[in-house]
Amino acid sequence: MSASPSPSPSPVTFSAVVTRLRAAGCVFAEDEARLILSAGRVPAGIDAMVDRRAAGLPLEHVLGWADFRGLRISIDAGVFVPRRRTEFLIERAVPLARSGAVVVDLCCGSGALGAALAAALGEVELYAADIDPVAVRCARRNLAAAGGTVYEGDLYGPLPAALRGRVDILLANVPYVPTEEVGLLPPEARVHEARVALDGGADGLDVLRRVTAEAGGWLAPGGSLRFETSGRQAPSAMTIVANGGLEPRLAECDELDATVIIATRPSASQPVPDGP
Ligand SMILES: C[S@@+](CC[C@H](N)C(=O)[O-])C[C@H]1O[C@@H](n2cnc3c(N)ncnc32)[C@H](O)[C@@H]1O
């Protein structure tokens, strides 16, 4: 008795992959097909990747990495995919930063921001933290080359006290989507990224309020907290920062649709002794 023939595998030619991705609604089907095919997997592996992408997973979760400022950042399932617009946050931080600066990437997710700043500056003393253990594992891989130390916990909670008053650049791309709007996000974010990475509370500014309230105690004189917000939230975010004793400055990039606030601790001010 002969075994029944196994189903023939789908072809994994470029045009076949493009057709499947296009049918699934992928706008950049050609680009995505090229990336998936270049993953160097056997046909069955490529087939599985196309299936996952067609089922709606973010391309970066399918590939296992994202490009951020030319760096290949490892991205595990569920971890926030660094957005192109966030490159502006790093772009604005690079020119004024000194080599050897003390950098903290709070709410680090994959650690893309810290990795990019470290790559741009050459040498930094780099720390990062996130509350999500999956993100922390990912960030540890991504920051290893820069010698970064990644802590797990709530905001500043896990950072060593010795960093207080020493931080030159405090990056904090915190969640800032208002709770009621999380359900309006595209499924790639809403379904496949952790809720804790997106939900910023009723007005989207809850995590930022907590970050700002303690920032003065961690920043060195002249050091700055740098974060992304939306154009709509920017006026409220500027007020939150000013009320926290920091000097806010707004920077915008139309091309990337990015809004960034740079909140500097005045050089003459004393660090806040303890957080709330
Ligand atoms: C918008 S994502 C940004 C991730 C990364 N900075 C980036 O830009 O790709 C926000 C991150 O904040 C983390 N997070 C949310 N609440 C937190 C908290 N209370 N303490 C520490 N991390 C938190 C989430 O786990 C998530 O990784």
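What comes next is a walk through the structure. Computed from a predicted model, the values in this text were never measured in an experiment.

## Considering the packing of helix α2 (residues 29–37) against helix α3 (residues 43–54)
Each pair of packed helices can be described by the angle between their axes along with the distance between the axes.
Okay, so step 1: Across the interface, α2 lies against α3 with an axial gap of 10 Å and an inter-helix angle of 145°. Between α2 and α3 lies a crossing of right-handed hand. Judged by residue contacts, E32, I36 and L37 of α2 engage I46, M49, V50 and R53 from α3.
Okay, so step 2: Residue composition of the contact of α2 with α3, by class: five nonpolar, no polar and two charged.

## Quick word on the sheet that holds strand β3 (residues 101–106)
Okay, so step 1: Taken together, the seven strands give an open sheet; going across it, the order is β5-β4-β3-β6-β7-β9-β8, and neighbouring strands pair in mixed fashion. Pairing within the sheet leaves two strands with one partner each, and these edge strands are β5 (149–152) and β8 (247–253). Each neighbouring strand pair of the sheet contributes to a mean axis angle of 20°, computed without reference to strand direction.
Okay, so step 2: Pairing of β3 with strand β4 (residues 124–130) involves six bridges; the strand directions are parallel. What sits directly across from V103, in β4, is L126.

## Points about α3
Okay, so step 1: For α3, with twelve residues, the first-to-last C-alpha span of 16 Å sits near the 16 Å given by 1.5 Å per residue.
Okay, so step 2: Regarding α3, the residues found buried are G45, I46, D47, M49, V50 and R53.
Okay, so step 3: Contacts from the buried residues of α3 go to α1 (14–23), α2, α4 (59–63) and α8 (187–190).
Okay, so step 4: Once α3 ends, the next one or two residues include G56, with phi positive near 110°.

## Some words on the state of the cysteines
Okay, so step 1: Applying the stated criterion across every chain, the model contains zero disulfides.
Okay, so step 2: Unpaired in terms of disulfides, C107 finds its nearest cysteine sulfur in C108, a separation of 8.1 Å.

## Re the site of the ligand
Okay, so step 1: The environment of the ligand is formed by 17 residues, the closest being C107, D130, D154, L155 and N173.
Okay, so step 2: Between the ligand and the protein, one listed contact pairs a nitrogen atom with a side-chain N or O atom of D154 at 2.7 Å.
Okay, so step 3: Note that a nitrogen atom of the ligand is positioned 2.9 Å from one of the backbone N or O atoms of L155.
Okay, so step 4: Protein chains shield 96% of the accessible area of the ligand, which is 600 Å² for the free molecule.
Okay, so step 5: Here the shell around the ligand is built from residues that sort into ten nonpolar, three polar and four charged.

## A closer look at the pairing of β4
Okay, so step 1: Judged by how many residues are buried, β4 sits mostly within the fold: six of seven residues are covered.
Okay, so step 2: Tracing the backbone out of β3, into helix α6 (residues 112–121) and back to the parallel element β4 gives a crossover that is right-handed.
Okay, so step 3: When β4 meets β5, the two strands line up parallel, connected through four bridges. If you follow D130 over to β5, its bridge partner there is E152.

## Some remarks on the pattern of salt bridges
Okay, so step 1: In the structure shown here, the tally under the stated rule is 18 salt bridges.
Okay, so step 2: Linking E188 and R53 is a salt bridge whose minimum nitrogen-to-oxygen distance equals 2.7 Å. With E188 in helix α8 and R53 in helix α3, the pair connects residues that are 135 residues apart, well separated along the chain.
Okay, so step 3: According to the relative accessible area criterion, R53 is buried, its value standing at 8%.
Okay, so step 4: A salt bridge links D203 to R209; the shortest N-O distance between them is 2.6 Å.

Rules and cut-offs
- Residues numbered from 1 in each chain as written.
- Predicted model: local features only at pLDDT ≥ 70, side-chain atom pairs only at ≥ 80, totals over all residues.
- Heavy atoms only, no water.
- Axes fitted to C-alpha atoms, helices over the stretch in contact; angles between N-to-C directions.
- Helix = DSSP H or I, 4+ residues; strand = E, 2+ residues; numbered from the N terminus.
- Left-handed = near helix turned anticlockwise from the far one by under 90°.
- Contact = heavy atoms within 4.5 Å.
- Nonpolar A, V, L, I, M, F, W, Y, C, P; charged D, E, K, R; others polar.
- Pairing = 2+ DSSP bridges.
- Expected span 1.5 Å × (residues − 1).
- Buried < 20%, exposed > 50% of the residue type's maximum accessible area, 1.4 Å probe, protein only.
- Disulfide = S-S within 2.5 Å.
- Near = heavy atom within 4 Å.
- Polar contact = N/O pair within 3.5 Å; in protein donor to acceptor, adjacent residues only side chain to side chain.
- Areas by Shrake-Rupley, 256 points an atom, 1.4 Å probe, with all protein chains shown as cover.
- Right-handed = clockwise from strand over helix to strand, strands pointing away.
- Salt bridge = Lys/Arg side-chain N within 4 Å of Asp/Glu carboxyl O.

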